[in-house]
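A look at the structure
Chain by chain, the residues:
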Amino acid sequence: MCFEAKRLLKLALGPVLMLISAVVLGYGPEEAQVNMAPGATEVGERIYDLHMIILWICTVIGLGVFGVMFYSIIYHRKSKGAVAAHFHESTKVEIAWTVVPFLILIGMAVPATSTLLEVYDNDDAELDILVTGYQWKWKYEYINENGENISFFSNLRTPQSEIHNSEPKGEFYLLEVDEPLVIPVNTKVRFLITGNDVIHSWWVPELAVKRDAIPGFINETWTLAREEGVFRGQCAELCGKDHGFMPIVVNVVSKEAYGEWLGAKQVEAAAIKELMAQTFTLEQLVERGEAVYARACLACHGANGEGGVGKPIAGSAIATGDIGAHLDVGINGVPGTAMQAFGGQLNDVDMAAVITYQRNAFGNNMGDMVQPIDVYNHKKG
Amino acid sequence: MGDHHHGPAKGLGRWLFTTNHKDIGTMYLWFSFSMFILGGFFAMIIRAELFQPGLQLVEPAFFNQMTTLHGLIMVFGAIMPSFVGLANWLIPMMIGAPDMALPRMNNWSFWILPPTFLLLASTLFMEGGAPAAGWTFYAPLSTTYAGPSVTFFIFSIHVLGLSSIMGSINIIATVMNMRAPGMTYMKMPLFVWTWLITAFLLVAVMPVLAGAVTMMLMDVHFGTSFFSAAGGGDPVLFQHVFWFFGHPEVYIIILPAFGVVSQIIPAFSRKQLFGYDSMVYATASIAFLSFIVWAHHMFTVGMPVAGELFFMYATMLIAVPTGVKVFNWVTTMWRGSLSFETPMLFCIGFLILFTIGGFTGLMLAIAPVDFQYHDTYFVVAHFHYVMVAGAVFSMSAAIYFWLPKWCGRMYNETMGKTHFWISFIGFNIAFFPQHFVGLAGMPRRIPDYALQFADFNMMSSIGAFIYGLSQILFLYNVIATIVAGKPVSDPKVWDGAEGLEWTIPTPAPYHTFETPPAVK
Amino acid sequence: MLKLSNNPAIDTATKLVAVAVLMFAFVFVVMVPLYNVLCDALGINGKTDGQAYTSVQAGVDESRLVTIQFVATRNEGMPWEFGPATSVMKVHPGAVNDTVFHARNTLAKDMVAQAIPSISPARAVQYFHKTECFCFNQQPLTAGASAELPLQYIVDRDLPKDIHTITLSYTIFDVTDMAKGAVATR
């Protein structure tokens, strides 16, 4: 029996020791992260400190409680001839263990309150970004005081082949996007967060930001990154099938690099405008369309156009039917179904390319094509 | 049983039409165990998919159906009915009553359950699949964006809510009206007390859940906009209504477990429970506080800061009565005369795991830190520590403790202890690493994850398989006991056991306390 | 105490059934309206009331400038073009300001839209007054038609001094079915 008690002791202490060794010494199996990251912001650091303080208080109390319990288990055993005492109440003791925890809680509440107030201090941001959650991607829009807002979608970049294990997984498996959010370092950035369809939650642990994206309503939160780097996060609120496949990547760069990036974005926008005026060959459109398909359509329509959440594209009546009707579905979606309106998500070149691709891939040999100007005209009615 | 003037009826009719609290208790227990196996099977699918990064076994849409059904079936099909079953068996025997107060309703409240869960499980085979919005089914994912199965799901929730309400009314009516002479409220065993309070919670909040799903039904089919901003509603309202039910619900799950532990620890410490009065008051204060803390599940929805502070402080307060309970149990063991039969081992396991879960609960209560914990595996680890430890460990303890009384046969102690050790070790391997991946940033309810979470997830899956397998041993042990266990005839069974249920013969006759006992 | 039956068990049970029924009613009669009241009072979700502001401010506070940002979101299934004419305005508290949102129905069918406003930060809600807003009513547009939707607002002079930026978000939803009074058939 005594052997068993020691085993029990070891087992019960095991997790606690594991936690202490892992958290305090920063040691874990194969260097895997075992604790919260203080991250790149002051708020994140305060949250981390708070987390550690409370963890320590809990550990100490826990060791005390378990210590008493295991002392009883070892020394007050019937098999050792222990005879039960007869006490069963003590008002003094009971008052003490009501009051003391209460005081400890007050001690915890003080730093918790001040940290919370800081998290809620949203004003005086230098940059405002509208973050919109979509099933299953994020849209970022930089609110610009003078001129057009820069806006783009950020999709998962990990290919299906890695997800389905036919290719080795890359270093940032599931945490990589085609176009990351870029923000300047040492700048208070305010995020306005909303949802397009269901509730999502925008979370970047190292920027200490997590806020729900609620359709119809707007939420706000902020960050101030003190160091440059690439910070990765994920959607934190169950939002349907691909909830696990809508990561967030934030590049925190120097203010100069941010300025350059902004400039490049404007040039890119201009280039797209120029491309929109061009006429492409079928091959060019199909080539570009394949890449667009992979990030915009594949999740629902399948890698081979076989369908899934969405209808099949291979041999479908739409993709092998009237080209204008096909384009209309792409631009306006099908209200009441999972088919979104992509007119606002893809630029005219990409829209033309992907429609052309769908009509000339997966065995759909239509041979016809859509030019960017057709998309433009369709949108303008 | 044969020597009694009228025993049970024969054949299937006995079970269909029975109004005997022991028969109904038995049915509840078997039903909940089968649901436990089904919900556990879904958990095994989840853990198998999460064994490695990448999609191996199931597609994401099916994965979401698994997490949803696992939660719903464990909460509503396994845990709640199991404690109702225990209440049916024990409450009349503990308060010296011949049966439950409303035996016919008792029969109905059980028999509407199996068809309901059959319906819920059958949604898996419907077009569009089973509900997949999580056991918390937040709108609009569960309304506008749900498949056709949502209607059947809502119907199931209505019926099982009805069953719980009927069961609770029965328990309250029994405790308030059928106590033996001399059995004052403050003499009732703690299991009866915790169930009485639980039953009041159920009567208060199950209708709220019914209201929430009714609003969903109206949004889906009758064009209202309770949860859609388009018509002037608000999806966040759903979360408030749901958690107004949901937080008391988690105490509904844990309070009867407190009762079980408060019966068993004194028995194997051979010492009276320490601080009986404070246990009762602590239970009542936990129940009261459960009504004013619901929004701590929603710290990230963007509440005004005053709301965040209120719910943070109120939640932290729960640590006080919960602490009182843990201290009382430990002090009961202090200077007792302890022995470690299987029920006691499970209670000690409960104490350890529940205390860890309580601490992580306190951490989660701190709103600014919760911004980092919310919706991660840290939360998953937390509620499995409290719920599995609370419900399953205490339920196992209860079965080992009272089974010999019920069937007059002793379980196999070696097998029981083996069950304890395997499940205790398996549980910790499964759920402790989930704290780490949660803190490192792994969101919950995802079918696939980034590579840095791989090691701990594999460990967690292995632990889950061990834990799952240990329940098969439990099932075997229970059946072996009922069929061929060593007969016991001592009314007390355990030398330290106290209470009216240990004064009647072993095995418990089909009818007990037809003349009320005198309680001093 | 009220006695409903001579059988004490039935008596208790009847009372408890009444409690359960009351709690069910409580959800609809108390929780939903109370939530809406609290939303208005505390600015939960930045919700504003759907009524035009009719009071008059005590003059314009020329000493302060508040930045007003406008953002527009089209809910899923809503293909209209929709956005503010200017995304940022700087205004004096107390002054009456006008702006417009552009909307165009890109589909070949008549549709009705509803814009849902939301203001951030929540503390600013009670200081942002709309004297005229397209969000007060549903907005029908025939196939291919476009419209300029007017918004007239006043920022209250009592706006707390530490609020310098207010964001007004509009999300437009397709309410064509609702406007027809048709029962949604999903």
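Residues numbered from 1 in each chain as written. Chains lettered and ligands numbered in written order. Predicted model: local features only at pLDDT ≥ 70, side-chain atom pairs only at ≥ 80, totals over all residues.

A few words on the overall build of chain C. Broken down by element type, chain C carries 2 helices and 9 strands. The helix and strand sequence of chain C, counted from the amino end, reads α-β-β-β-β-β-β-β-β-β-α. Computed over its C-alpha atoms, the radius of gyration of chain C comes to 23 Å, more than 25% above the 16 Å expected for a compact globule of 186 residues. Taken along the three principal axes of its C-alpha coordinates, chain C extends 75 × 50 × 25 Å. In chain C, the proportion of contacts linking residues at least 24 apart, taken out of those at least 6 apart, comes to 73%. (Helix = DSSP H or I, 4+ residues; strand = E, 2+ residues; numbered from the N terminus. Rg over C-alpha atoms; globule rule 2.2 N^0.38 Å. Contact = placed C-beta atoms within 7 Å.)

Turning to the overall build of chain A, a few remarks are in order. A count of helical and extended segments in chain A gives 10 helices and 10 strands. Its C-alpha radius of gyration of 28 Å places chain A more than 25% over the 21 Å reference for a compact globule of 381 residues. Overall size of chain A, expressed as C-alpha extent along the three principal axes, is 95 × 50 × 40 Å. Counting across all 381 residues of chain A, residues that qualify as buried make up 42%. (Buried ≥ 20, exposed ≤ 12 C-beta atoms within 10 Å, placed from the backbone.)

The next subject is the sheet that holds strand β7 (residues 209-213) of chain A. Residues and elements named next belong to chain A. Spatially, the 5 strands line up as an open sheet ordered β4-β10-β9-β6-β7, and their pairing is mixed. Whereas interior strands pair on both sides, the edge strands pair on one side only; in this sheet they are β4 (181-184) and β7. Taken over all neighbouring pairs, the strand axes of this sheet differ in orientation by 25° on average, direction set aside. Pairing between strand β9 (residues 229-235) and strand β10 (residues 247-253): 6 bridges, direction antiparallel. The residue of β10 that forms the bridge with Q234 is P247. The strands that helix α5 (residues 255-277) touches are β4 and β10; relative to β4, the one it contacts most, it runs at about 135°. (Pairing = 2+ DSSP bridges. Axes fitted to C-alpha atoms, helices over the stretch in contact; angles between N-to-C directions.)

All right, on to the pairing of strand β5 (residues 111-120) of chain C then. All names here are of chain C. Within β5, 9 of the 10 residues are buried, which leaves it mostly tucked inside the rest of the structure. When β5 meets strand β7 (residues 139-141), the two strands line up antiparallel, connected through 3 bridges. Bridging from a neighbouring strand, V112 pairs with P140 of β7. In terms of strand pairing, β5 meets strand β9 (residues 165-174) through 8 bridges, oriented antiparallel. Looking across to β9, one finds that P117 is bridged to Y170.

As a further point, take unusual backbone geometry. In this model, A139 of chain B is joined to P140 of chain B through a cis peptide bond whose omega is 0°. Within the secondary structure layout, P140 of chain B lies in the loop between α5 (113-122) and α6 (150-177). The omega torsion of the bond from S120 of chain C to P121 of chain C falls at -5°, within 30 degrees of zero and hence cis. Although it is not a glycine, N186 of chain A adopts a positive phi angle of roughly 50°. Relative to the assigned elements, N186 of chain A resides in the loop between β4 and β5 (188-195). C-beta crowding within 10 Å serves as the criterion here: with 13 such atoms nearby, N186 of chain A is assigned to the partly exposed category. Positive phi is not limited to glycine here, since F362 of chain A has a value of about 55°. Looking at the secondary structure, you find F362 of chain A in the loop between α9 (348-359) and α10 (372-379). Note on F362 of chain A: 21 C-beta atoms within 10 Å, which makes it buried.

The description of two helices packed together rests on the angle between their axes and the distance between the axes. Two numbers describe how α6 of chain B lies on helix α1 (residues 8-42) of chain C: the axes approach to 9 Å, and their chain directions differ by 140°. Considering their axes alone, α6 of chain B and α1 of chain C lie oblique with respect to each other. The element α6 of chain B and its partner α1 of chain C pack so that their crossing is right-handed. Residues I165, I169, I172, A173, M176 and N177 of chain B of α6 of chain B lie in contact with α1 of chain C, whose contacting residues are P8, A9, T12, A13, L16, V17 and A20 of chain C. Counted by class, the contact of α6 of chain B with α1 of chain C contains 11 nonpolar, 2 polar and no charged residues. (Parallel < 35°, antiparallel > 145°, perpendicular 65-115°, else oblique. Left-handed = near helix turned anticlockwise from the far one by under 90°. Nonpolar A, V, L, I, M, F, W, Y, C, P; charged D, E, K, R; others polar.)

Chain A puts 85 residues into the contact, and the matching count from chain B is 81 residues. Secondary structure elements with two or more residues in the side of chain A that touches chain B: α1 (2-24), α2 (42-75), α3 (91-119), β7 and β9 of chain A. Among the elements that line the side of chain A that touches chain B, the one with the most residues is α3 of chain A, at 14 residues. In terms of residue class, the side of chain A that touches chain B is made up of 50 nonpolar, 21 polar and 14 charged.

This part is about the domain arrangement of chain C. When its domains are assigned, chain C resolves into domain 1 (8-42) and domain 2 (47-179). A straight line from the C-alpha centre of domain 1 of chain C to that of domain 2 of chain C covers 36 Å. (Domains from an automatic or database assignment.)

Time to look at the sheet that holds strand β1 (residues 66-74) of chain C. All names here are of chain C. As summarised here, the arrangement of the 5 strands in space is β3-β1-β9-β5-β7, forming an open sheet in which the pairing is mixed. Single-partner strands in this sheet number two, and they are β3 (88-91) and β7. Across the sheet, the axes of successive neighbouring strands diverge by a mean angle of 30°, strand direction being ignored.

Another aspect to go through is the interface of chain C and chain B. Taken together, the contact pairs 29 residues of chain C with 29 residues of chain B. When residues of the side of chain C that touches chain B are traced back to their parent elements, those giving at least two are α1, β5 and β9 of chain C. Classifying every residue of the side of chain C that touches chain B gives 23 nonpolar, 5 polar and 1 charged.

Further remarks concern the domain arrangement of chain A. All names here are of chain A. Examined at the domain level, chain A breaks down into domain 1 (2-119), domain 2 (127-159 + 169-271) and domain 3 (278-379). Distance between the C-alpha centres of domain 2 and domain 3: 26 Å. Across the contact, 6 residues belong to domain 2 and 4 residues belong to domain 3. Classifying every residue of the side of domain 2 that touches domain 3 gives 2 nonpolar, 1 polar and 3 charged.

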